[in-house]
Each structure stands twice: as structure tokens, then as C-alpha cells.
Amino acid sequence: MDKQATRLRVFFALWPDSALQTALHNLGSDLNAGCGGRSVRPETIHLTLAFIGALLADRLESLYAAAVRVSTPAFDLQVDQLGYWRRNQLLWAGTSQPPEALGHLVSHLHAALNDAGLAFDDSKPFAPHITLLRKAHCKALVQPPQALYWQVREFVLVQSETTDKGASYRVMRRWPLV
């Protein structure tokens, strides 16, 4: 198959370091007793900024160029809230007070993608969340015993491949926040 016809499934995300991924995974595992479902593997834990989906490989350079145009400040994120989306059967972690810089990052990234003519899923308003459990059935949620702190210093482009073990993610490129 030639490069032009090759499609990659990609998305932009915030990617926590391994210590935070492990802490979030452990939180999900602790909640699994009350909600059931399937824990997200620690190495795949992230916060999606923009889901691109299937992209022709020859459009990657345009995607990189759009990302380079995003210039927003680094910020800290306090993960202090749990939520459950019954319809999607997702238990997620998030922040009770999203930092203004997160909103700026998302809006600048979305604008850069639109300006470059790159399609992405913007059918729903941005809802910052980190999936912890899939196929969960939560009746009641307790809030996390303590907040987790995340120093967000970059955003990434991730390639997703589906395998028999679920989704496998590979960070393709990183862009620093200023």
C-alpha cells in the first residue's frame, strides 16, 4: 500500500508521566470493586484534546505544521473529581476547576486544525476527562481521597492501533507549552 493511501488513527492529547499514569490506574483499580468494568492500562492513560481519527499519512506534515502554530502557556492540572457517563459506561477522573490555560490550549489547537483544513471530531463540547474504567456500571461515586497534581508542560500527537488486547498507543510527536 502506498503512503498516500495509508491511514493512521491519531489524536492530540495531554500525556501524563508514568508516575501519574500509575497513580490514575491505581485509582481506577480501587474503584473497580464498586463499578466493575475494565481498567484502562496505565500506559494508555491520557486526556484527549482533539480526536482526528483516520488520517491519510500524506497529511501528517500538515498536522505537524498546525500543531507548531499552537502557543499557549504551561499549566498545572489538579485531578480531584470523578464522574460516570452511564450511556458510555465510562468512569473518568477530571478537575473541578479546569485551568484557563487548558481552555486556551484546546481552542488554539482546534483553530489551527480548522485553519489547516484538517477534520477532527468537534461534535461535542470539550469535556476534559481521563478515562479510568470502560464498561463500568457505577451506582454511586465517592470522590478521590486526595487530589493528584499534573504539571502539564507539553501536548502530543498519538497514533492508536487496535489489537486483540485493546488499543495500543504510540506518541508520534511532542510540542512544548511555553
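In this report, we go over the structure that sits alongside the text. (Residues numbered from 1 in each chain as written. Predicted model: local features only at pLDDT ≥ 70, side-chain atom pairs only at ≥ 80, totals over all residues. Heavy atoms only, no water.)

## Brief notes about the pairing of strand β10 (residues 166-176)
And then number 1: As paired strands, strand β9 (residues 154-163) and β10 are joined by 10 bridges and run antiparallel to one another. The partner of Phe155 across the bridge, within β10, is Trp175.
And then number 2: Between β9 and the antiparallel strand that follows it, β10, lie two residues. (Pairing = 2+ DSSP bridges. Helix = DSSP H or I, 4+ residues; strand = E, 2+ residues; numbered from the N terminus.)

## Thoughts on helix α1 (residues 18-35)
Residues three or four positions apart in an α-helix share a direction because the helix packs 3.6 residues into each turn.
And then number 1: Here α1 is 18 residues long and its end C-alpha atoms lie 25 Å apart, about the 26 Å a rise of 1.5 Å per residue gives.
And then number 2: If you check which residues of α1 are buried, you get Leu20, Gln21, Leu24, His25, Leu27, Gly28, Leu31 and Cys35.
And then number 3: The secondary structure elements touched by the buried residues of α1 are β2 (38-39), β4 (75-79), β5 (81-85), β6 (90-94), β7 (130-134) and β8 (148-152).
And then number 4: Positive backbone phi, at 65°, marks Gly36, one or two positions downstream of α1. (Expected span 1.5 Å × (residues − 1). Buried < 20%, exposed > 50% of the residue type's maximum accessible area, 1.4 Å probe, protein only. Contact = heavy atoms within 4.5 Å.)

## Focus: the packing of aromatic side chains
And then number 1: A complete count under the given rule lists seven aromatic pairs for this structure.
And then number 2: Geometrically, the ring pair formed by Tyr64 and Trp175 is tilted, given 6.1 Å between the ring centres and 45° between the ring planes. One end of the pair, Tyr64, is in helix α2 (residues 60-68); the other, Trp175, is in strand β10, and 111 residues separate them in sequence. In terms of burial, Tyr64 and Trp175 fall into one category: buried. (Phe/Tyr/Trp six-rings, centres within 6.5 Å; stacked < 30°, edge-to-face > 60°.)

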